[in-house]
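Structural overview
Next come the chains, spelled out residue by residue.
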Amino acid sequence: MQSTLFPFGSHNEHHAEHWRDLVNFLPSYKRATFLIDRYHVTFDSQVVAVPPSQTDEQLIPQFYSEKEPINPGQLSIESLHELALLFAVFATGCTNDYSLPQRNAEAESYARLCRAALSFYDVFRHASLSSVQAILILSQYTKAVGMARRADVAWSLASFGTEVAISVSQFA
């Protein structure tokens, strides 16, 4: 029996209503661009996992139409890893929103949404640069929230992201 949890998720038609609902959790365009800016200001100085050109020219246009989040019907299962990446950027950006504590509910919500988006579209069969980026940024987020018990989780995610990156490069 195959697990349906990250990273072993599988696509079944009966999950359609659930994975499409993920776009309902996208923040407003204004909040999204603010969190992306917070991500770039802080994490681009450490590691450029997602360049501004990718967020501005790929991710925002893919999930926001006329400064509004797309409708669930516009989401394809093939774009879930890009959505996971966007949620990972939001989570990490939230840790640098100085109006919030570094560990905050909004950031944790986006981290959970990232894991959910990764779980609905099998990371092993459909590995991509976006899935690698999402996993590695999720590792950064886990480290950034500074929970001592999560240090091993951050390293495990970084290791897993590296393994997925190797598989992507082998089949690219």
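Up top is the structure these notes are about.
Owing to the predicted nature of the structure, the values given are computational and were not obtained by experimental measurement.

How each quantity is defined
- Residues numbered from 1 in each chain as written.
- Predicted model: local features only at pLDDT ≥ 70, side-chain atom pairs only at ≥ 80, totals over all residues.
- Heavy atoms only, no water.
- Helix = DSSP H or I, 4+ residues; strand = E, 2+ residues; numbered from the N terminus.
- Contact = heavy atoms within 4.5 Å.
- Areas by Shrake-Rupley, 256 points an atom, 1.4 Å probe, with all protein chains shown as cover.
- Axes fitted to C-alpha atoms, helices over the stretch in contact; angles between N-to-C directions.
- Parallel < 35°, antiparallel > 145°, perpendicular 65-115°, else oblique.
- Nonpolar A, V, L, I, M, F, W, Y, C, P; charged D, E, K, R; others polar.
- Expected span 1.5 Å × (residues − 1).
- Buried < 20%, exposed > 50% of the residue type's maximum accessible area, 1.4 Å probe, protein only.
- Core = buried A, V, L, I, M, F, W, Y, C linked by side-chain atoms within 4.5 Å.
- Phe/Tyr/Trp six-rings, centres within 6.5 Å; stacked < 30°, edge-to-face > 60°.
- Salt bridge = Lys/Arg side-chain N within 4 Å of Asp/Glu carboxyl O.

**Examining the overall build of the protein chain**
For the protein chain, the count of helices and strands is seven helices and two strands. Overall, the protein chain shows an N-to-C arrangement of helices and strands of α-α-α-β-β-α-α-α-α. Counting only contacts in the protein chain whose residues sit at least 6 apart along the sequence, the fraction spanning at least 24 positions is 73%. On the protein chain, roughly 8800 Å² of surface is accessible, and the fraction owed to carbon and sulfur atoms is 56%.

**Looking at the packing of helix α2 (residues 29-43) against helix α4 (residues 80-94)**
For the pair α2 and α4, the least separation of the axes is 8 Å and the interaxial angle reads 70°. Relative to α4, the element α2 lies roughly perpendicular. Of the residues in α4, those in contact with Arg31, Ala32, Leu35, Ile36, Arg38, Tyr39 and Phe43 of α2 are Leu86, Val89, Phe90, Thr92, Gly93 and Cys94. A class-by-class count of the residues in the contact of α2 with α4 yields nine nonpolar, two polar and two charged.

**Looking at helix α6 (residues 129-144)**
Along its 16 residues, α6 runs 22 Å from first to last C-alpha, staying within 8% of the 22 Å computed at 1.5 Å per residue. Among the 16 residues that make up α6, 13 are buried, leaving the element largely enclosed by the rest of the structure. Backbone geometry just downstream of α6 places glycine 146 in the positive-phi region, at approximately 70°.

**Thoughts on the nonpolar core**
Counting residues in hydrophobic clusters, the biggest one holds 49 residues, and the most contacted among them are Leu26, Phe63, Leu80, Leu83, Phe87 and Phe90. Broken down by secondary-structure element, the contributors of at least two residues to this core are α2, α3 (52-63), α4, α5 (105-120), α6 and α7 (151-171). Here this core takes eleven residues from α4, the largest share from any one element. Ignoring sequence-local partners within four residues, the contact set of leucine 26 consists of Phe63, Tyr64, Pro69, Leu83, Leu86, Phe87 and Phe90.

**Overview of the packing of aromatic side chains**
Under the criterion given, the structure shown has four aromatic pairs. Ring geometry for phenylalanine 87 and tyrosine 110: centres 6.1 Å apart, planes at 15°, overall stacked. Pair noted here: phenylalanine 87 is in helix α4 and tyrosine 110 is in helix α5, with a separation of 23 residues, a long-range link. Neither residue differs from the other here; phenylalanine 87 and tyrosine 110 are each classed as buried. Put simply, the rings of Phe87, Phe90 and Tyr110 pair up and form one aromatic cluster.

**Some thoughts on unusual backbone geometry**
Notably, glutamate 66 is not glycine yet its phi reads approximately 50°, a positive angle. By secondary structure assignment, the location of glutamate 66 is in the loop between β1 (64-65) and β2 (68-69). Not every positive phi belongs to a glycine, and lysine 67 is a case in point at roughly 65°. Tracing the backbone shows lysine 67 in the loop between β1 and β2.

**Quick word on the pattern of salt bridges**
Following the criterion strictly, the structure yields five salt bridges and no others. With a shortest N-O distance of 3.5 Å, glutamate 108 and arginine 115 are connected by a salt bridge. Among the charged side chains, a network of salt bridges with common partners joins Arg31, Asp97 and Glu106.

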